[in-house]
Amino acid sequence: MARVTVEDCVEKVPNRFDLVLLASHRSRNIASGSPLTIDRDNDKTPVVALRELADETLELDELRESLVVGLQRVIQDDDLPEEEEAPVLALEHGDAKQTEMNEADLLRALQGDRDNDSSSRF
């Protein structure tokens, strides 16, 4: 069983904060079934993640990108459907229409409500 130290990993990922984020993200990926790039050697998942980083068996740019995508909570405009393709939704109250919005606007409104709800809990 090879011993891994933080110094081994800091040579590959100089920023300790990045190292913690990348190692924890990789550890979660391994725990959810991602294939290992090294032998486990009876090590726990966080140790395996650190050993993978130290041995440079991972593509760091891909790992960073998947970390950012996993933490992203804001939907980018290019991720939304085309405006011309989206049907218009109407909210009706009785006989009069109050508001018309397309899917993109509805998604933004719902996302804004979710952000407001989570901040009001604390």
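Before reading on, note that the structure itself is shown above.
Position numbers for residues count from 1 along each chain, tracking the sequence in the order it is written. With the structure being a predicted model, the display of local features is reserved for residues of pLDDT at least 70 and the display and counting of side-chain atom pairs for 80 or more, all residues being used for whole-chain, interface and lining totals. Excluding hydrogens and water, the side-chain values take into account all heavy atoms of the structure.

**Some points on the overall build of the chain**
Numbering goes from the N terminus for both helices and strands, where a helix is a DSSP run of H or I of at least four residues and a strand is a run of E of at least two. Helix and strand counts for the chain come out as five helices and two strands. Ordering the α and β elements of the chain from the N terminus gives α-α-α-α-β-β-α. The rule is simple: take the accessible area with a 1.4 Å probe, protein chains only, and divide by the maximum for that residue type; under 20% is buried, over 50% is exposed, in between is partly exposed. For the chain, with 122 residues in total, the buried portion stands at 24%. Contact definition: two residues touch when any of their heavy atoms are within 4.5 Å. Residue pairs in contact within the chain that sit at least 24 positions apart in sequence constitute 42% of those at least 6 positions apart.

**Digging into helix 3 (residues 45–54)**
Counting buried positions along helix 3 yields seven of ten residues, so the element is predominantly enclosed. Along helix 3, the residues classified as buried are Thr45, Val48, Ala49, Arg51, Glu52, Leu53 and Ala54. Looking at the buried residues of helix 3, the elements they touch are helix 1 (6–10), helix 2 (16–31) and helix 4 (60–71). Of the residues flanking the end of helix 3, it is glutamate 56, one or two places downstream, whose phi is positive at about 55 degrees.

**Focus on unusual backbone geometry**
The residue aspartate 41 is not glycine, and still its phi comes out positive at about 55 degrees. When you line up the elements, aspartate 41 lands in the loop between helix 2 and helix 3. The class for aspartate 41 is partly exposed, based on a relative accessible area of 39%. In the Ramachandran plot, glutamate 56 falls in the positive-phi region, its phi being about 55 degrees despite a non-glycine side chain. Among the secondary structure elements, glutamate 56 is positioned in the loop between helix 3 and helix 4.

**Describing the pattern of salt bridges**
We define a salt bridge as a side-chain nitrogen of Lys or Arg found within 4 Å of a carboxyl oxygen belonging to Asp or Glu. In this structure the tally under the stated criterion is six salt bridges. We note a salt bridge from aspartate 41 to arginine 51, for which the minimum N-O separation is 3.3 Å. Within this pair, whereas aspartate 41 is found in the loop between helix 2 and helix 3, its partner arginine 51 is found in helix 3, the two being separated by ten residues in sequence. Two residues, arginine 108 and aspartate 105, come together in a salt bridge whose shortest N-O distance is 3.2 Å. One end of the pair is arginine 108 and the other is aspartate 105, both in helix 5 (residues 103–119) and three residues apart, which spans about a single turn. Accessibility expressed as a relative area gives 34% for aspartate 105, which makes it partly exposed.

**With respect to the packing of helix 2 against helix 4**
The convention used is that axes are lines fitted to C-alpha atoms, helices contributing only their stretch in contact, and that angles between N-to-C directions extend from 0 to 180 degrees. The N-to-C vectors of helix 2 and helix 4 enclose an angle of 80 degrees; their axes lie 10 Å apart at closest approach. Of the possible angle classes, the one that applies to helix 2 and helix 4 is roughly perpendicular. Packed against helix 2, whose contacting residues are Leu21, Leu22, His25, Arg26 and Asn29, the element helix 4 presents Leu60, Leu63, Arg64, Ser66 and Leu67 at the interface. Residues of the contact of helix 2 with helix 4, tallied by class, amount to five nonpolar, three polar and two charged. By the definition adopted for this analysis, an angle is roughly parallel if under 35 degrees, roughly antiparallel if over 145, roughly perpendicular if from 65 to 115, and oblique otherwise. Residues are grouped as follows: nonpolar covers Ala, Val, Leu, Ile, Met, Phe, Trp, Tyr, Cys and Pro; charged covers Asp, Glu, Lys and Arg; every other residue, Gly included, is treated as polar.

Interpretation in functional terms is not warranted from these geometric data alone.
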